[in-house]
Amino acid sequence: MTALYIIVGILLFIFLLLMIPVSFRFRYDGEPELILQYLFVRIKLVPPKEKSEKQKNESEKSEKPKEKKPEKKENNLKKLYKKRGLDGLFEILSDVISIIKDTSSKLIKHIVIKKLKIDLLIVGEDAGDTAMKYGYICSALYPVVSFIDSNMKLKKKQIDIEPGFTEKETKIFAETKVSIRPWFALGTIISAALRGIKLILGIKKDMEV
C-alpha cells in the first residue's frame, strides 16, 4: 500500500510539473534575443554562448576524417511513386498536411501570449518609397496580429507603425512573451506522433510488397 501511495505521489508531482507553463521571451532591438524560462531556470537560446578556445580545440580534435560516401541507391520517393502512383503521393501529402494542420490548431488553442509589442519606424529612399513601404508593412502585419488576437489568448498588445518621412533609417523594436503548459503540448505531440507512425508504417508496408 505504501508503494502505491509513493507511485501516486510521483505521478501527481510529474502532473503538477507538466501543468506549470514554459515561457519563451523574444526581444529584438537591433539584435535578437530569445530566452526560455521554466520555474527558476532561464536559458538564453539566442544568441548562443560562444565557445571558449579550449572547447573549440576539443571539437576540432574530435572531428573524424570524412568517410567515402556510399553509392546512391534508388530514391525512396521514386519507389513510392512506382507503387502508389501520383494519386497515392497526393494522398500521403494530404495526410501529412492534415496531421500538421490538426497539431498546429490544437497547440494554438493552448498558447498564451502575455505580451506583444511592436514599434516600427519605416524609412525609405524618399517620401514616396517610405509611403509605399509603410502601406505594404501595414497590410502584411495587421492581418497577422488580427489572426493571433482571434485564435490565441492575447493578453496585452501594443502595435505602433509610423512612416519616418524626416528620419534617416528604419527602426525596429519587438518584444513578446509566449507560454504554454507542457501537459497540453505533450498530449498534442504524442497524438501527432502516433498518427505519423501509423502513416509511415503504411508507406513502409506498401514499399515492401
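Computed from a prediction, not measured in an experiment: that's the story for all the values here.

Time to look at the overall build of the protein chain. Secondary structure assignment for the protein chain yields five helices and seven strands. Written out in order from the N terminus, the α and β elements of the protein chain read α-β-β-β-α-α-β-α-β-β-β-α. The buried share of the protein chain, taken over its 209 residues, is 21%. The contacts of the protein chain with a sequence gap of at least 6 include a subset with a gap of at least 24, amounting to 69%. Counting only carbon and sulfur atoms, one obtains 62% of the accessible surface of the protein chain, whose full area is about 16,600 Å².

Turning our attention to helix α4 (residues 127-151). Compared with the 36 Å implied by 1.5 Å per residue over 25 residues, the 36 Å span of α4 between its first and last C-alpha is a close match. Here α4 has its buried residues at D129, T130, C138, L141, V145 and I148. On its buried face, α4 sits against β4 (112-122), β5 (153-154) and β6 (157-163). Its side-chain oxygen placed 3.1 Å from the backbone nitrogen of G128, D126 serves as the N-cap of α4.

What follows concerns the packing of aromatic side chains. Within the structure shown, the criterion is met by one aromatic pair. Seen from their ring centres, F15 and W183 are 5.0 Å apart, and the 80° between their planes marks the pair as edge-to-face. Of the two residues, F15 sits in helix α1 (residues 2-19) while W183 sits in helix α5 (residues 182-208), which places them 168 residues apart along the sequence. Given a relative accessible area of 32%, F15 falls into the partly exposed group. With a relative accessible area of 40%, W183 lands in the partly exposed category.

This paragraph deals with the environment of V46. Along the chain, V46 turns up in strand β3 (residues 41-46). Using a relative accessible area of 30% as the deciding quantity, one classes V46 as partly exposed. For the pair formed by V46 and P32, sequence separation is 14 residues and the distance between their alpha carbons is 6.8 Å. The contact partners of V46, leaving out residues within four places of it in the chain, are P32, E33 and L34.

Counting 18 residues, the largest nonpolar core has I113, I118, L141, I159 and I161 as the members making the most contacts within it. Every element with two or more residues in this core is listed here: β4, α4, β6 and β7 (171-180). Residue contributions to this core peak at five residues, all from β4. In this structure I118 touches L141, Q158, I159, D160, F173 and A174, once residues within four positions along its chain are discounted. Judged by nonpolar contacts, the second largest core, of five residues, contains I92, I99, L199 and I203.

A cis amide bond links V46 with the next residue in sequence, P47, at an omega value of -10°. Position of P47 among the secondary structure elements: in the loop between β3 and α2 (53-62). A positive phi is found at L39, a non-glycine position, where the angle reads about 55°. Counting through the fold element by element, L39 comes out in the loop between β2 (32-38) and β3.

On to a nonpolar patch on the surface, then. Taken together, the side chains of I6, I7, I10, L11, F13 and I14 present a nonpolar region at the surface, about 600 Å² in accessible area. Among the structural elements, I6 can be located in helix α1.

The next point concerns the side chain of T176. Along the chain, T176 turns up in strand β7. By relative accessible area, T176 is classed as buried at 16%. Apart from the residues lying within four places of it in its own chain, the contact partners of T176 are F24, R25, F26, I113, K115 and L116.

Reading guide: rules and limits
All residue numbers refer to position in the chain's written sequence, counted from 1. Note on the predicted model: pLDDT of at least 70 is required for a residue's local features to be given, and 80 or more for side-chain atom pairs to be given and counted; whole-chain, interface and lining totals, by contrast, use all residues. In computing side-chain values, all of the structure's heavy atoms are included and hydrogens and water are not. Elements are defined by DSSP. Helices are runs of H or I of four residues or more, strands are runs of E of two residues or more, and each kind is numbered from the N terminus. To sort residues, take the accessible area from a 1.4 Å probe on protein chains only and compare it with the maximum for the residue type: under 20% means buried, over 50% means exposed, and anything in between is partly exposed. Residue contacts follow a heavy-atom distance rule, with two residues in contact if any of their heavy atoms lie within 4.5 Å. Using a 1.4 Å probe, accessible areas were evaluated by the Shrake-Rupley method; residue-level cover was limited to the displayed protein chains. A helix is expected to span 1.5 Å multiplied by its residue count minus one. Side-chain atoms alone can form a polar contact between residues adjacent in sequence; in general such a contact is a pair of N or O atoms within 3.5 Å, and within protein one must be able to donate a hydrogen while the other accepts it. Stacked, edge-to-face and tilted labels apply to pairs of Phe, Tyr and Trp rings (six-membered ring for Trp) whose centres lie within 6.5 Å, assigned for plane angles under 30 degrees, over 60, and everything in between, in that order. Within this scheme, the nonpolar core is defined by two criteria: the residues are buried Ala, Val, Leu, Ile, Met, Phe, Trp, Tyr or Cys, and they are joined through side-chain atoms within 4.5 Å. Surface patches are defined over residues having more than 30% relative accessible area and no salt bridge, joining like charges when they lie within 9 Å and nonpolar side chains (Val, Leu, Ile, Met, Phe, Trp, Tyr) when within 5 Å. Salt-bridge detection follows one rule: a side-chain nitrogen of Lys or Arg within 4 Å of a carboxyl oxygen of Asp or Glu.

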